[in-house]
Amino acid sequence: MTTTFPDVTISTERLVLRPFEEEDVTALTEMMNDENITAWTSVPHPYTRADAHAWATRESHTERAEGRGIVFAVTEFLTQRLVGIVHLRNTNWRTRATEVGYVTAPWARGEGYASESVLAVAQWLFREQEFERLELRTAADNTASQQVAQKIGCISEGVLRNAWTVRTQTTDGGWTDTRTDLIVWSLLPEDLDEGDGYDGYDGYESHESHRSHDTHGGPGGHPGDAVAGQRSDAHGHPVGADRK
């Protein structure tokens, strides 16, 4: 039985979702120091260039190699700017189920990029990888993430009480931890079949094929918009880091 995801690139009309590369370090560092990402995730703060380098060149790739999930750098098709991250994590290969987390860069919010990228990954996961369940978790007060979960067709299953910690900025500019509930959402293959959501998944190719295409002038990409289901930092913790 296969226990690792293939090394692939996923394309939509506006986005390219690909493995992280060393060239992403500068944009990743800037993105992860956004105050909303600090508040809604558990990434280090400040998020240093060393943190970004470790994630882009080693840690994100280890997720796939060790069978835990897969990490996509979401990029804009036309500009190749880094829009955000979509991360499948806590993958159960026996039950064909996994969790999704995401973050979106501040400049890219409000364009529908989060829902577009997460839905494209869900379509690939169900159609090409034959998975049966995708789970998202959103903080109880993160309405933007909840709207994206609804937009892509997720069903709310219940609340995990007092199950997560978010960060609140103090008057002196620091940050303090605050407990919060998590709402659990799920998406099944039949939810996509029955829904009227975005169907912009254009297919996928091996990452090596994509890199060869880019060498000859093809677009790479970097991502952007609202919110995608669960809150998740660059290290995979469930959180929902986008607000409009």
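Structure: see above.
Right, let's walk through the structure included here. None of these values were measured; they are calculated from a predicted model.

1. What about the pairing of strand β7 (residues 155-169)?
Consecutive side chains along a regular strand alternate between the two faces of the sheet.
For step 1, the next point in the chain: Across 11 bridges, β7 lies against strand β8 (residues 175-187) in antiparallel orientation. For T168, the partnering residue across the bridge sits in β8 and is T176.
For step 2, the next point in the chain: Between β7 and β8, which follow one another and run antiparallel, lie five residues, and G173 among them has a positive phi close to 90 degrees.

2. What to know about the environment of T26
For step 1, the next point in the chain: Structurally, the position occupied by T26 is in helix α1 (residues 25-32).
For step 2, the next point in the chain: For T26, a relative accessible area of 48% corresponds to the partly exposed category.
For step 3, the next point in the chain: Taking C-alpha positions, T26 is 7.7 Å from A52, a pair spaced 26 residues apart along the chain.
For step 4, the next point in the chain: A polar contact of 2.9 Å, which involves the side chain of T26, links it to the side chain of R49.

3. What to know about the packing of α1 against helix α3 (residues 49-65)
For step 1, the next point in the chain: Relative to each other, α1 and α3 sit at 120 degrees, their axes nearing to 9 Å. When the axis of α1 is compared with that of α3, the two are oblique. In the crossing of α1 with α3, the sense of the turn from one axis to the other is right-handed. Residues V25, T26, L28 and T29 of α1 pack against R49, A52, H53, W55 and A56 of α3.

4. Focus: the pattern of salt bridges
For step 1, the next point in the chain: A full pass over the atoms with the stated rule returns 10 salt bridges.
For step 2, the next point in the chain: A salt bridge links R68 to E63; the shortest N-O distance between them is 2.7 Å.
For step 3, the next point in the chain: The exposure class of E63 is buried, given its relative accessible area of 11%.
For step 4, the next point in the chain: For the salt bridge of E157 with R133, the shortest nitrogen-to-oxygen distance reads 2.8 Å. Residue E157 is found in strand β7, and its partner R133 is found in strand β6 (residues 133-139); the two are separated by 24 residues along the sequence.
For step 5, the next point in the chain: Judged by its relative accessible area of 45%, E157 is partly exposed.
For step 6, the next point in the chain: Residues participating in the shared-partner salt-bridge network are R133, E135, R137 and E157.

5. A short note on α3
Three- or four-residue spacings in an α-helix give side chains the same orientation, since the helix completes a turn every 3.6 residues.
For step 1, the next point in the chain: An ideal rise of 1.5 Å per residue puts 24 Å on 17 residues; α3 measures up with 23 Å between its terminal C-alpha atoms.
For step 2, the next point in the chain: The axis of α3 is deflected most strongly, by about 50 degrees, at W55.
For step 3, the next point in the chain: Taken together, the buried positions of α3 are occupied by A52, A54, W55, A56, S60 and E63.
For step 4, the next point in the chain: One or two positions beyond α3, positive phi appears at G67, with a value near 80 degrees.

6. Examining the nonpolar core
For step 1, the next point in the chain: Counting residues in each nonpolar core, the largest one holds 34 residues, and the members touching the most others are L88 and W124.
For step 2, the next point in the chain: The set of elements that each furnish at least two residues to this core consists of β1 (8-11), β2 (15-18), β3 (70-76), β4 (82-92), β5 (97-104), α4 (113-127), β6 and β8.
For step 3, the next point in the chain: Listed in part, the 17 residues of the second largest apolar core include F20, M32, W55 and V103.

7. What about helix α5 (residues 143-151)?
For step 1, the next point in the chain: Within α5 the residues assigned to the buried category are A144, S145, Q146, V148 and A149.
For step 2, the next point in the chain: Immediately beyond the C-terminal end of α5, within one or two residues, lies G153, with a positive phi of roughly 100 degrees.

8. Here we look at the side chain of T91
For step 1, the next point in the chain: Following the sequence through the fold, T91 ends up in strand β4.
For step 2, the next point in the chain: Of the residues examined, T91 reaches a relative accessible area of 14% and is grouped as buried.
For step 3, the next point in the chain: Engagement of the side chain of T91 in a polar contact is seen with the backbone oxygen of R68, the distance being 2.8 Å.
For step 4, the next point in the chain: A distance of 2.8 Å separates the side chain of T91 from the side chain of T98, its partner in a polar contact.
For step 5, the next point in the chain: Those residues in contact with T91 that sit more than four places away from it in its chain are F5, G67, R68, G69, A97, T98 and F131.

Thresholds, definitions, all that
All residue numbers here refer to positions counted from 1 along the written sequence of the relevant chain. Residue-level local features of this predicted model are given only where pLDDT is at least 70; pairs of side-chain atoms are given and counted only at 80 or more, and the full residue set underlies all totals for whole chains, interfaces and linings. To obtain the side-chain values, all non-hydrogen atoms of the structure were used and water was disregarded. DSSP bridges decide pairing: two strands pair if at least two such bridges lie between them. Here a helix means four or more residues in a row that DSSP labels H or I, a strand means two or more in a row labelled E, and each is numbered from the N terminus. Throughout this description, buried means an accessible area under 20% of the type-specific maximum (1.4 Å probe, protein chains only), exposed means over 50%, and partly exposed covers the range between. Here a polar contact means two N or O atoms within 3.5 Å. Within protein one must be a hydrogen donor candidate and the other an acceptor candidate, and residues neighboring in sequence count only if both atoms are side-chain atoms. For helices, the fitted axis covers only the stretch in contact; all axes are lines through C-alpha atoms, and the angles between them, taken along N-to-C directions, range from 0 to 180 degrees. Should an angle lie under 35 degrees it is considered roughly parallel, over 145 roughly antiparallel, and from 65 to 115 roughly perpendicular; all remaining angles are considered oblique. The handedness criterion is simple: a crossing whose near helix is rotated anticlockwise from the far helix by less than a right angle is left-handed, and one whose near helix is rotated clockwise is right-handed. In this description, contact between two residues means that some pair of their heavy atoms is separated by no more than 4.5 Å. By definition, a salt bridge exists where a carboxyl oxygen of Asp or Glu is found within 4 Å of a side-chain nitrogen of Lys or Arg. By this rule the span expected of a helix is its residue count minus one, scaled by 1.5 Å. The angle between axes fitted to the seven residues ending at a residue and the seven residues starting there is what we call the bend at that residue. The set of buried Ala, Val, Leu, Ile, Met, Phe, Trp, Tyr and Cys residues whose side-chain atoms join them within 4.5 Å is what this entry labels a nonpolar core.

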